[in-house]
Amino acid sequence: MMKKKAPINRGNIMRHLIEYQLDMVGKRLVDTLDDDKWYFNWTMTRDQHIEFNKYAIRTMKKVFKFNTNKARANLDWFHEQFGLRIKN
């Protein structure tokens, strides 16, 4: 039987977005345990970054009932804390 994923909510959205971003580059959250410089070593393409931003803004607007500007401001904070570098 497949395990049903918990709905995205205020309590798990940051973890969800981190996992979503890592999944885009073929990594998992547990992989960060083996690479303490993962933030510097792993990168994403500009196209992946744009795709992630669209998803993250849409998700934050839904979960927090943010308007677009508030979602973008929170996404900027997210990128400063957890965002992968862009490499093209």
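Everything below is about the structure printed above this text.
Report on the accompanying structure.

## Here we look at the overall build of the chain
- Helices and strands together make up the secondary structure of the chain, namely 4 helices and 2 strands.
- The order of helices and strands in the chain, counted from the N terminus, is α-α-β-α-α-β.
- Over its C-alpha atoms the chain spans a radius of gyration of 13 Å, differing by no more than 12% from the 12 Å that the globule rule assigns to 88 residues.
- Counting only C-alpha atoms and orienting by the principal axes, one finds that the chain spans roughly 40 × 35 × 20 Å.
- Here the chain holds 88 residues, and 34% of them are scored as buried.
- For the chain, the share of sequence-separated contacts (at least 6 apart) that also reach a separation of at least 24 residues comes to 62%.
- If you sum the accessible surface of the chain, you get close to 6600 Å²; carbon and sulfur atoms cover 51% of it.
- Separation between the mean location of the 18 positive side-chain charges and that of the 10 negative ones in the chain comes to 9 Å.

## Description of helix α1 (residues 13-24)
- Taking 1.5 Å per residue as the helical rise, α1 with its 12 residues ought to reach 16 Å, and the 16 Å between its terminal C-alpha atoms agrees with that figure.
- Buried within α1 we find I13, H16, L17, I18, Q21, L22 and M24.
- Those residues of α1 that are buried are in contact with α2 (38-41), β1 (43-44), α3 (46-64) and α4 (68-82).
- Positive backbone phi, at 75°, marks G26, one or two positions downstream of α1.

## Some details on unusual backbone geometry
- Positive phi, normally seen in glycine, also occurs at K65, with a value near 60°.
- Mapped onto the fold, K65 is located in the loop between α3 and α4.
- For K65, a relative accessible area of 69% puts it in the exposed group.

Quick notes on the rules
Numbering of residues starts from 1 in each chain and follows the order in which that chain's sequence is written. Local features in a predicted model are, by the rule used here, given only for residues with pLDDT of at least 70; side-chain atom pairs are given and counted only at 80 or more, and totals for whole chains, interfaces and linings are based on all residues. By convention in this description, side-chain values take in all heavy atoms of the structure and omit both hydrogens and water. A run of H or I in DSSP counts as a helix once it spans at least four residues, and a run of E counts as a strand once it spans at least two, with each numbered from the N terminus. For a compact globule the rule gives 2.2 Å times the number of residues to the power 0.38, and the radius of gyration it is set against comes from C-alpha atoms. When accessible area is computed with a 1.4 Å probe and restricted to protein chains, residues below 20% of their type maximum are described as buried, those above 50% as exposed, and intermediate ones as partly exposed. Residue contacts follow a heavy-atom distance rule, with two residues in contact if any of their heavy atoms lie within 4.5 Å. All accessibility values rest on the Shrake-Rupley procedure with a 1.4 Å probe; residue burial counts only the protein chains present in the view. His is not counted, nor are the chain ends; Lys and Arg add positive charge and Asp and Glu add negative charge. All charge positions are set by atom: Lys at NZ, Arg at CZ, Asp at CG, Glu at CD. To estimate the expected span of a helix, count its residues, drop one, and scale the result by 1.5 Å.

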